[in-house]
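Here is what each chain is made of, one letter per residue.
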Amino acid sequence: MTPDIDTARAQVTEAADALRSRIGDAARVGIILGTGLGALADEIDVRESVPYGEIPGFPLSTVESHHGRLLAGTLRGVEVLAMQGRFHLYEGYSAWEVTLPVRAMATLGVEALLISNAAGGMNPLYRRGDLMLTTDHINLQGANPLIGPNVDEWGPRFPDMSAPYDRALRDQAEAAALDRGIRLQQGVYVAVVGPNLETRAEYRFLRMIGADVVGMSTVPEVIVARHHGLRCLAFSVVTDECFPDALEPVSIEDVLAAAGEAEPKLTMLMGDVVASLG
Ligand code: HPA
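This is a predicted model, so every value here is computed, not measured.

### Quick word on the overall build of the protein chain
- Helix and strand counts for the protein chain come out as six helices and nine strands.
- Relative to a compact globule of 278 residues, whose C-alpha radius of gyration would be 19 Å, the protein chain shows 18 Å and is just as compact.
- Here the C-alpha coordinates of the protein chain stretch approximately 50 × 40 × 35 Å along the principal axes.
- Per-residue burial over the protein chain gives 55% buried out of 278 residues.
- Within the protein chain, residue pairs in contact and separated by at least 24 positions form 83% of the contacts whose partners lie at least 6 positions apart.
- Just so you have it, the protein chain exposes about 11400 Å², and 51% of that area is on carbon and sulfur atoms.
- Charged side chains in the protein chain number 22 positive and 37 negative. The centres of these two groups are separated by 4 Å.

### A word on the pattern of salt bridges
- Tallied over the full model, the rule gives 16 salt bridges.
- We note a salt bridge from E54 to R22, for which the minimum N-O separation is 2.8 Å. One end of the pair, E54, is in the loop between strand 2 (45–51) and strand 3 (69–75); the other, R22, is in helix 1 (residues 5–23), and 32 residues separate them in sequence.
- Judged by relative accessible area, which is 45%, E54 ranks as partly exposed.
- Classification of R22 by relative accessible area gives partly exposed; the value is 34%.
- The network of salt bridges with shared partners includes D6, R9 and E153.

Cut-offs applied
Residues numbered from 1 in each chain as written. Predicted model: local features only at pLDDT ≥ 70, side-chain atom pairs only at ≥ 80, totals over all residues. Heavy atoms only, no water. Helix = DSSP H or I, 4+ residues; strand = E, 2+ residues; numbered from the N terminus. Rg over C-alpha atoms; globule rule 2.2 N^0.38 Å. Buried < 20%, exposed > 50% of the residue type's maximum accessible area, 1.4 Å probe, protein only. Contact = heavy atoms within 4.5 Å. Areas by Shrake-Rupley, 256 points an atom, 1.4 Å probe, with all protein chains shown as cover. Lys, Arg positive; Asp, Glu negative; His and termini not counted. Charge placed at Lys NZ, Arg CZ, Asp CG, Glu CD. Salt bridge = Lys/Arg side-chain N within 4 Å of Asp/Glu carboxyl O.

Here you go:
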């Protein structure tokens, strides 16, 4: 639940103040690294690494594959703040808690948010290991981080969602992929709450309503980032093929293995987009 308006403001201010005193407020680009996709962090010239436990109001990531720390430093010469480990609704956090880090980053002056995630591919042309640039999303989580009182300094009561994923950033990503010879799919991400994967009937339904991939994250963060007016870009790694008539069982190990294999391509593309922001 979103707390009352004074508590909401205070929580974000407290997190942002604590971060500012440790890492300053030079960062212009925020990065959220998805499940099994933490390697971009190795390319960051890290000045300061802050465990989430030391940031007031930050939840603690309960997923083992996530590290749970905020890195401040430079990536290809650009000041970034990177979340290594993110929060999910399926861990029991509210949409407010999941997105508090985004509000803190926005308060510190971050202007663009780059996100990666692991997702199931439902478009029959997608293959395990493919990268997908998100062109749009569908929120089927039954939750929304903006429910509750609106803090007008952060953004409007009814934020526009006609183009959540920034056209210019997408163009940069596409150009980088062409340049490097990396196949980059483009499509729609549908967010579900999880934690179970979908049934065949659910994959068939999600495909029919217009989604190309399905995952359990990203949409709350993008909604809040757009509330603050941040430019957003999101990449999915297709970690499993979700074709209802040929569905195979999938384990978290399979998901992590596919994420690990695709990670070098993703790291290059995200690095290129960040460099273009310098
Ligand atoms: N469904 C939902 N989330 C996912 C999947 C999936 O098939 N694969 C990776 N994350």
